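Spelled out, the chains give:
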Amino acid sequence: MLVFPNAKINIGLRVLCRRPDGYHNLESLMVPVPWCDILEMVPARTGEGSFTMTGSDLGGCPPEKNLVLKALKALETELGQALPPFDIFLHKVIPNGAGLGGGSSDASFALVAANELAGLGLSKERLAEIVLKVGADCPFFIYNRPMMMRGIGDILTPFDIQLPEGLAVAIVMPEGEPVSTKEAYAGVTPCGKPEGVGLEEELLRGFDLWRTSRVVVNDFEPSVIAVRPDIATALAVLREQGALYAAMSGSGSAVFGLFEDVKMAERAIDSFEGCRCFAAPLSV
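Just so you know, these numbers come straight off a predicted model, no measurement behind them. (Residues numbered from 1 in each chain as written. Predicted model: local features only at pLDDT ≥ 70, side-chain atom pairs only at ≥ 80, totals over all residues. Heavy atoms only, no water.)

**Q** What should I look at first to understand the overall build of the protein in this one?
**A** From N to C terminus, the protein includes 9 helices and 12 strands. A compact globule built from 284 residues should have a C-alpha radius of gyration of about 19 Å, and the protein, at 19 Å, falls within 12% of that. For the C-alpha atoms alone, the extent of the protein along its principal axes is close to 55 × 40 × 35 Å. Within the protein, buried positions represent 48% of all 284 residues. (Helix = DSSP H or I, 4+ residues; strand = E, 2+ residues; numbered from the N terminus. Rg over C-alpha atoms; globule rule 2.2 N^0.38 Å. Buried < 20%, exposed > 50% of the residue type's maximum accessible area, 1.4 Å probe, protein only.)

**Q** Explain the pattern of salt bridges to me, please; I cannot follow it from the model alone.
**A** A side chain with one charge may pair with a side chain of the opposite charge, provided their charged atoms come close. Scanning the entire structure with this criterion turns up 10 salt bridges. One salt bridge connects aspartate 230 with arginine 228, and the closest N-O pair in it is separated by 2.8 Å. A network of salt bridges, in which partner residues are shared, links Asp37, Lys92 and Asp106. (Salt bridge = Lys/Arg side-chain N within 4 Å of Asp/Glu carboxyl O.)

**Q** I would appreciate a short explanation of the packing of helix H1 (residues 67–79) against helix H2 (residues 102–117) in the present structure.
**A** Put simply, H1 and H2 touch, their axes get as near as 8 Å, and they point 40° apart. Judged by the angle between their axes, H1 and H2 are oblique. The handedness of the crossing between H1 and H2 is right-handed. Facing Leu67, Val68, Ala71, Leu72 and Leu75 of H1, the residues of H2 in contact are Gly103, Ser104, Asp106, Ala107, Ala110, Leu111 and Ala114. Looking at the contact of H1 with H2 residue by residue, the class counts come to 9 nonpolar, 2 polar and 1 charged. (Axes fitted to C-alpha atoms, helices over the stretch in contact; angles between N-to-C directions. Parallel < 35°, antiparallel > 145°, perpendicular 65-115°, else oblique. Left-handed = near helix turned anticlockwise from the far one by under 90°. Contact = heavy atoms within 4.5 Å. Nonpolar A, V, L, I, M, F, W, Y, C, P; charged D, E, K, R; others polar.)

**Q** I tried to follow helix H9 (residues 262–269) on my own but got confused; where do I start?
**A** Three or four residues apart is the spacing at which side chains of an α-helix point the same way, because the helix has 3.6 residues per turn. When we look at burial in H9, the residues that qualify are Met264, Ala265, Ala268 and Ile269. Down the axis of H9, the sector holding all buried residues measures 135°, keeping them to one side. As for H9, its buried residues are in contact with strand S9 (168–173), helix H8 (229–240), strand S11 (255–259) and strand S12 (276–281). (Arc of directions from axis to C-beta.)

**Q** Can you help me understand the packing of aromatic side chains in this one?
**A** Think of a pair of aromatic rings as described by two things: how far the centres are apart, and how the planes are tilted against each other in angle. Counted by the stated rule, this structure contains 3 aromatic pairs. Aromatic pair tryptophan 35 and phenylalanine 278: ring centres 5.3 Å apart, planes at 5°, arrangement stacked. You can see tryptophan 35 sitting in strand S3 (residues 24–36) and its partner phenylalanine 278 sitting in strand S12, a full 243 residues away along the chain. The pair tryptophan 35 / phenylalanine 278 is uniform in exposure class, with both members buried. (Phe/Tyr/Trp six-rings, centres within 6.5 Å; stacked < 30°, edge-to-face > 60°.)

**Q** Before we go on, may I ask you to explain a negative patch on the surface in this structure?
**A** Residues Glu260, Asp261, Glu266 and Asp270 make up a contiguous surface patch of negative charge. Assignment of secondary structure puts glutamate 260 in the loop between S11 and H9. (Patch = residues over 30% accessible without salt bridge, like charges linked within 9 Å, V, L, I, M, F, W, Y side chains within 5 Å. Areas by Shrake-Rupley, 256 points an atom, 1.4 Å probe, with all protein chains shown as cover. Lys, Arg positive; Asp, Glu negative; His and termini not counted. Charge placed at Lys NZ, Arg CZ, Asp CG, Glu CD.)

**Q** Can you help me understand unusual backbone geometry in this one?
**A** Leave glycine aside and you will find that most residues have negative phi; peptide bonds, for their part, are mostly trans. With an omega of 15°, the peptide bond between glycine 252 and serine 253 qualifies as cis. Along the chain, the position of serine 253 falls in the loop between strand S10 (245–248) and S11. One non-glycine residue, asparagine 144, lies in positive phi territory at about 55°.

**Q** Could you clarify how one ought to interpret the state of the cysteines in this entry?
**A** Disulfides are covalent bonds that link the sulfur atoms of two cysteine residues. Counted by the stated rule, this structure contains 0 disulfides. Of all cysteine sulfurs in the structure, the one in cysteine 277 sits closest to cysteine 275, which takes part in no disulfide; the separation is 5.4 Å. For cysteine 277, a relative accessible area of 24% corresponds to the partly exposed category. (Disulfide = S-S within 2.5 Å.)

**Q** Sorry if this is basic, but what is going on with the pairing of S3 here?
**A** A regular strand places its side chains so that they alternate between the two faces of the sheet. Burial of S3 is extensive: 10 of the 13 residues sit out of reach of the surface. Two elements, strand S2 (residues 6–18) and S3, share 11 bridges in a ladder whose sense is antiparallel. Bridge pairing in S3 links arginine 14 to glutamate 27. The antiparallel hairpin formed by S2 and S3 contains 5 residues in its connecting segment, where glycine 22 sits at a positive phi of about 95°. The pairing of S3 with strand S7 (residues 147–151) spans 5 bridges and is antiparallel. Note on S7: the bridge partner recorded for leucine 29 is methionine 148. (Pairing = 2+ DSSP bridges.)

Dropping the structure here:
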């Protein structure tokens, strides 16, 4: 079975408060984008399964720490029995440490594939509960549609966003060390519950991000940009190239811009040298 785990972007990301358990309550609109890894899972040729990973950003991560294998282990724990052995091939394309959810997407797509290959018949809701144990943003990729996210990322509500016809996204991963999630949270200042119209209410008014730029913000940007000025530079270039809206995705370090059409998005990424970039229509 061949699947293509895709990335996501965050349109607005508010860090509301720190919780007693050490996590943070968040609010964000998460939207899937078609920048994809490649994951193949097939019945094992021998009595033992295998895991092979290729592509970019391998970073010396041992297989046992890969989120695909962690997700399958969580599924076995939930079932109380071993899964049939699989030969698993993962080719990484989505950058790591980018705030694009690549590893979480891999984990979720692996559960969906295992559910089908093993004939488990588990619902999306059950799969989302299981993969939440692997990562807070993993359940989003089970549903893989625009979702308003709250809590630590575990409270998801479908959101029928109305996008302008032809809208496209350009994503840029600036050169330099990836931003660790731990470091990003250590530097962020929770905003508290914003006064007036919240993120969801503002977006329900319509997708006019020029008007809503004061509300549709990423609270991680100030502290991350303070140590990674190249992120601010990338955002400035996207805006100069005509982005209707530009922001950091998640806790960084990737940034994205929304453009009127895909040709503008493609021209925008041509402005960057030495960066990993992606442009495509944004259809949801």
